[in-house]
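Residue-level structure breakdown
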Amino acid sequence: MKNTFYFIKESIRIFRYNKLSNLFSFFGTALILFLLALVVGVWSISSQLAGMLKEEAEISAYFNKDVENAEDLLHIIEQIDGVRYVRLVNEEEARSRMEKILGDESDILDLFEENPFEAYFEVKIHLDKMDPVFTQISGLKGIDYVRENRDVLEQIERISKALEVLGYLVIAAVSITTLVIISHMIRQGIYQNHEQIKTLMLLGAPDNFINFPYVLLGFLLTFGGGIVATVFINILIHQGYSMLTGTIPFIPVPPKSQLVYGLSTFLLSVSAALGILGSLFGVSTSKKKK
Amino acid sequence: MIQAKNVSLRYIDGTVALREINLNVKPGEFVYIVGPSGSGKTSLLKLLMGIEFPSAGSLYVMDQPVLKKETRKIRKLRQNIGPVFQEFRLIQGRTALENVLMGMRFLDIPKRQMIINAKNALVKVGLEHKASVMVEKLSFGEAQRVAIARAVARKPALILADEPTGNLDYDNAINIMNLLYNFRDKNTTVLVTTHATHLIDNYQDASLIRVEKGKIHVERRGAKV
Ligand SMILES: Nc1ncnc2c1ncn2[C@@H]1O[C@H](COP(=O)(O)OP(=O)(O)O)[C@@H](O)[C@H]1O
Ligand SMILES: [Mg+2]
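Residues numbered from 1 in each chain as written. Chains lettered and ligands numbered in written order. Predicted model: local features only at pLDDT ≥ 70, side-chain atom pairs only at ≥ 80, totals over all residues. Heavy atoms only, no water.

**A look at the overall build of chain B**
Counting secondary structure elements, chain B contains 6 helices and 10 strands. The globule rule puts the C-alpha radius of gyration for 225 residues at 17 Å, and the 17 Å found for chain B is close to it. When the backbone C-alpha atoms are referred to their principal axes, chain B occupies close to 45 × 40 × 35 Å. When burial is assessed residue by residue, chain B has 54% of its 225 residues classed as buried. Excluding contacts between residues fewer than 6 apart, the proportion of contacts in chain B whose partners are at least 24 apart in sequence is 69%. Within the structure as shown, chain B displays about 10300 Å² of accessible surface, and the carbon and sulfur contribution to it stands at 49%. (Helix = DSSP H or I, 4+ residues; strand = E, 2+ residues; numbered from the N terminus. Rg over C-alpha atoms; globule rule 2.2 N^0.38 Å. Buried < 20%, exposed > 50% of the residue type's maximum accessible area, 1.4 Å probe, protein only. Contact = heavy atoms within 4.5 Å. Areas by Shrake-Rupley, 256 points an atom, 1.4 Å probe, with all protein chains shown as cover.)

**A word on the site of ligand 1**
Residues and elements named next belong to chain B. The environment of ligand 1 is made up of Y11, D13, T15, A17, P36, S37, G38, S39, G40, K41, T42 and S43. A distance of 3.3 Å separates an oxygen atom of ligand 1 from a polar backbone atom of S39. Take K41: an N or O atom from its main chain is 2.8 Å from an oxygen atom of ligand 1. Per element, the largest residue contribution to the shell around ligand 1 is 3 residues, and it comes from helix α1 (residues 41–48). Each residue belonging to the shell around ligand 1 can be placed in one class, and the counts come to 3 nonpolar, 7 polar and 2 charged. (Near = heavy atom within 4 Å. Polar contact = N/O pair within 3.5 Å; in protein donor to acceptor, adjacent residues only side chain to side chain. Nonpolar A, V, L, I, M, F, W, Y, C, P; charged D, E, K, R; others polar.)

**Section: the interface of chain A and chain B**
Listed per partner, the contact involves 18 residues of chain A and 22 residues of chain B. For the chain A face of the interface with chain B, the top three residues by lost area are K2, L202 and L203 of chain A, together amounting to 44%. Across the chain A-chain B interface, the total number found is 2 salt bridges. For R89 of chain B, the salt bridge identified is with E195 of chain A, shortest N-O distance 3.0 Å. (Buried area = accessible area lost by both parts, 1.4 Å probe. Salt bridge = Lys/Arg side-chain N within 4 Å of Asp/Glu carboxyl O.)

**Regarding the domain arrangement of chain A**
The domain boundaries assigned to chain A delineate domain 1 (4–53 + 154–289) and domain 2 (58–148). Relative placement of domain 1 of chain A and domain 2 of chain A: their C-alpha centres are 51 Å apart. (Domains from an automatic or database assignment.)

**Notes on the confidence of the model for chain A**
Summarising the model, chain A shows a mean pLDDT of 84, and 96% of its residues fall at 70 or more. Looking across chain A, the model is least confident in helix α4 (residues 91–102) of chain A, with a mean pLDDT of 78, and most confident in helix α7 (residues 194–202) of chain A, with 94. (pLDDT = per-residue confidence, 0-100.)

**Thoughts on the coordination of the magnesium ion (ligand 2)**
All names here are of chain B. The coordination sphere of the magnesium ion (ligand 2) contains the protein donors T42 (OG1) and Q86 (OE1), at a distance range of 1.9 to 2.8 Å. Placement of T42 in helix α1 and of Q86 in the loop between β6 (81–84) and α3 (96–102) is noted, with a sequence separation of 44 residues between them. Residue Q86 is classed as partly exposed on the basis of its relative accessible area, which comes to 39%. (Donors = N, O, S within 2.8 Å, 3.2 Å for Na, K, Ca; no water.)

**A closer look at the side chain of T194 of chain B**
Residues and elements named next belong to chain B. Topologically, T194 is positioned in strand β8 (residues 189–194). Within the structure, the side chain of T194 is placed 3.0 Å from the side chain of T165, a separation counted as a polar contact. For T194, the residues in contact, after removing those within four places along its chain, are Y32, I33, V34, G35, K41, E163, T165 and M177.

**Describing the side chain of R154 of chain B**
Inspection of the secondary structure assignment puts R154 of chain B in the loop between α5 (140–153) and β7 (158–162). Salt bridges are absent for the buried R154 of chain B, whose nearest opposite-charge side chain, E98 of chain B, sits at 13 Å. Of note is the side chain of R154 of chain B, whose polar atom sits 3.3 Å from the backbone oxygen of R78 of chain B. A distance of 2.6 Å separates a polar side-chain atom of R154 of chain B from the backbone oxygen of I81 of chain B. Sequence-distant contacts of R154 of chain B, that is, excluding residues within four places in its chain, are made with L203 of chain A together with R78, Q79, I81, G82, P83, G103, M104, F106 and L107 of chain B. (Lys, Arg positive; Asp, Glu negative; His and termini not counted.)

**A few points about unusual backbone geometry**
The general pattern is negative phi for most residues beyond glycine and trans for most peptide bonds. Residues and elements named next belong to chain B. Look at F88: it is not a glycine, yet its phi comes out positive at around 65°. In this fold, F88 is placed in the loop between β6 and α3. Classification of F88 as buried rests on a relative accessible area of 9%. A positive phi angle is found at R89, which is not glycine, with a value near 55°. Here R89 shows up in the loop between β6 and α3. Owing to a relative accessible area of 10%, R89 belongs among the buried residues under this scheme.

**Concerning the environment of Y241 of chain A**
Mapped onto the elements of the fold, Y241 of chain A is located in helix α8 (residues 207–247). Considered as a pair, Y241 of chain A and K256 of chain A are 15 residues apart in the sequence and their alpha carbons are 7.1 Å apart.

**Comments concerning the packing of α5 of chain B against helix α6 (residues 170–183) of chain B**
All names here are of chain B. Two elements in contact, α5 and α6, have axes separated by 11 Å at closest approach and are oriented at 5°. Taken together, the axes of α5 and α6 lie roughly parallel to each other. Across the interface between the two elements, Q144, R145, I148 and V152 of α5 pack against I176, L179, L180 and F183 of α6. In terms of residue class, the contact of α5 with α6 is built from 6 nonpolar, 1 polar and 1 charged. (Axes fitted to C-alpha atoms, helices over the stretch in contact; angles between N-to-C directions. Parallel < 35°, antiparallel > 145°, perpendicular 65-115°, else oblique.)

**Some words on the environment of Q144 of chain B**
Residue and element names in this part refer to chain B. Here Q144 is to be found in helix α5. Judged by relative accessible area, which is 2%, Q144 ranks as buried. Those residues within four positions of Q144 in sequence are excluded, and the remaining contacts are V84, F88, E163, P164, T165, L168 and I176. At 2.5 Å, the side chain of Q144 and the backbone oxygen of P164 are in polar contact.

Take a look at the structure:
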């Protein structure tokens, strides 16, 4: 295109006309987008976590010593609607699991002469079927008592729901703020250059030609902010992961590359879209008072 | 090129700038428009460029009716006109060359041709040595000539120059007028407003139109090339 260089030069000129406030909106946008990425990142981690933990919904069913054939009982439980699978955890396995959890502290188990753990059924279920499954298993003959981990799961689910709502709110707030900032910058630029714009109109220049440098500037400011935010969020993720893996190994966070890729794509496309929308909005709302 | 029938122009504040004027300009004419200040010369040019619109009568420029609602046609019309504004309307902070280029960037002219046209126009107005000077650094007369270069570089069918000799001494005024006169050819019509009536006699084949209190009198019908 014959005017590529001209458009870029014009955009830079409009930028310089208002250097300070353009710089502020650039860094402001970068900061806002960075915060957005933070919230969305936490949200996505927590919802993945909640999703993973949902599959951990389980009931531990302890049976009494009179049960002769645990296999039969296992088959009965398997038939219950909402049960995903059942496994018999025998005494030795129960003990070795606890040893794993205790880690270095597992020596205290040696204090027991006999294995203190009982065998039980580990019943993986669908979380939403927790109640009926629970009552049905409790009612089975030979089952002594039943334990479930619903409280923890529901707690996590509530948190992740709340984070989701927060995420949407933040997305809305960021979008509105960015649109307002960018469209305002564009309107200001157009206002300051209205004499030049009028001349171009008198010479017969089409609107697209006149507006393009402004739209380009709005896009570059926002997208540039998006790039800065992406760089910082990448640094943060990198730092965060190296700290996490050192201290709390058992939290099932999504793989780093997935988070980096997801958030970067998200930030770049959101900033590009907001940049274009914001400047188009600015251009279309300032045209009326030429 | 221009057909005006009983055209009147009344501004929104009620001022009637032109009253039932009739005008017929042929392609290739050089038209000299004289008249005292406030008589309606600029208003006439504004009508021809689609900046203002007739409040009565019918106006055709390049065989197109000049109508307010036809935004796209007005834009096309303006693209075919080379305007030299009374207040120049050069774009500040740009070089003389860039100002001339700006008149062509959105036209259907290839980049190479655009640059050639611009440089040629600057040569014709005698400013090739000022091509890369910022327009605000130019003298009044030089700025005037850049405005003319911008108008002619686009190879318009109609050149409209509003008081291009205003504020110029005799020598400069005659130079500018000669310049415009020489841009006239069989494809290019030139209309010049001025109150420098003493220059008229230099252009015997020019048409002469006198504007007085919004009325038009065709005093002399010039030849076209
Ligand atoms: N935008 C406008 N609104 C109202 N009246 C105007 C406007 N422009 C010009 N006029 C009036 O129209 C008349 C003709 O003005 P103009 O065409 O500028 O004259 P000239 O160019 O011959 O000096 C004058 O009385 C002037 O005051
Ligand atoms: Mg005038």
